[in-house]
Amino acid sequence: MDEIEQRLKDATSTCLDAHSAWHGEKKDGKKREALMDAIHELRKVAARLEIEIAISERDEMASKPIPIPAH
């Protein structure tokens, strides 16, 4: 399994668990902090995924020659 895919699954699962725990006790500071940490990890994974997409697009564009305009 791809590293990003595994991180995404883990972060999503952790975030869902933290949300369920926090939703039951919204005044609990530790559960709110755990949820914020889980959301932060999810953002980091999403950012890494966006970087991978950008690299893929860049590589795809590099393989296509730039058309020469007719003058």
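So, how was this worked out
- Residues numbered from 1 in each chain as written.
- Predicted model: local features only at pLDDT ≥ 70, side-chain atom pairs only at ≥ 80, totals over all residues.
- Heavy atoms only, no water.
- Helix = DSSP H or I, 4+ residues; strand = E, 2+ residues; numbered from the N terminus.
- Buried < 20%, exposed > 50% of the residue type's maximum accessible area, 1.4 Å probe, protein only.
- Areas by Shrake-Rupley, 256 points an atom, 1.4 Å probe, with all protein chains shown as cover.
- Expected span 1.5 Å × (residues − 1).
- Arc of directions from axis to C-beta.
- Polar contact = N/O pair within 3.5 Å; in protein donor to acceptor, adjacent residues only side chain to side chain.
- Salt bridge = Lys/Arg side-chain N within 4 Å of Asp/Glu carboxyl O.
- Contact = heavy atoms within 4.5 Å.

### What about the overall build of the protein?
Along its length, the protein carries two helices and zero strands. Going through the 71 residues of the protein one by one, you find that 10% of them count as buried. Carbon together with sulfur atoms contributes 59% to the accessible area of the protein, which is approximately 6,000 Å² in total.

### Topic: helix H1 (residues 3–24)
For H1, built from 22 residues, the straight-helix expectation of 32 Å at 1.5 Å per residue is met to within 8% by its first-to-last C-alpha distance of 32 Å. Taken residue by residue, H1 has Ile4, Ala11, Cys15 and Ala18 as its buried positions. Each buried residue of H1 lies within a common arc of 70° when the element is viewed along its axis, so the set occupies one face. Along H1, exposed side chains directed more than 90 degrees from the buried face belong to Leu16, Asp17, Ser20 and Gly24. Regarding H1, its N-cap is Asp2, as a side-chain oxygen of that residue lies 3.3 Å from the backbone nitrogen of Ile4 further along.

### With respect to the pattern of salt bridges
Applying the stated criterion across every chain, the model contains five salt bridges. Glu41 is paired through a salt bridge with Arg7; the nearest N and O atoms lie 3.5 Å apart. Placement of Glu41 in helix H2 (residues 29–63) and of Arg7 in helix H1 is noted, with a sequence separation of 34 residues between them. A residue is classified by how much of its surface remains accessible, and Arg7, at 27% relative accessible area, is partly exposed. Here Glu41 and Lys44 are joined by a salt bridge, their closest N and O atoms 3.2 Å apart.

### Describing the environment of Glu41
Of the residues examined, Glu41 reaches a relative accessible area of 28% and is grouped as partly exposed. Counting along the chain gives 27 residues from Glu41 to Thr14, while the straight-line C-alpha distance between them is 9.2 Å. If near-sequence neighbours (up to four positions away) are discounted, Glu41 is found in contact with Arg7 and Ala11.

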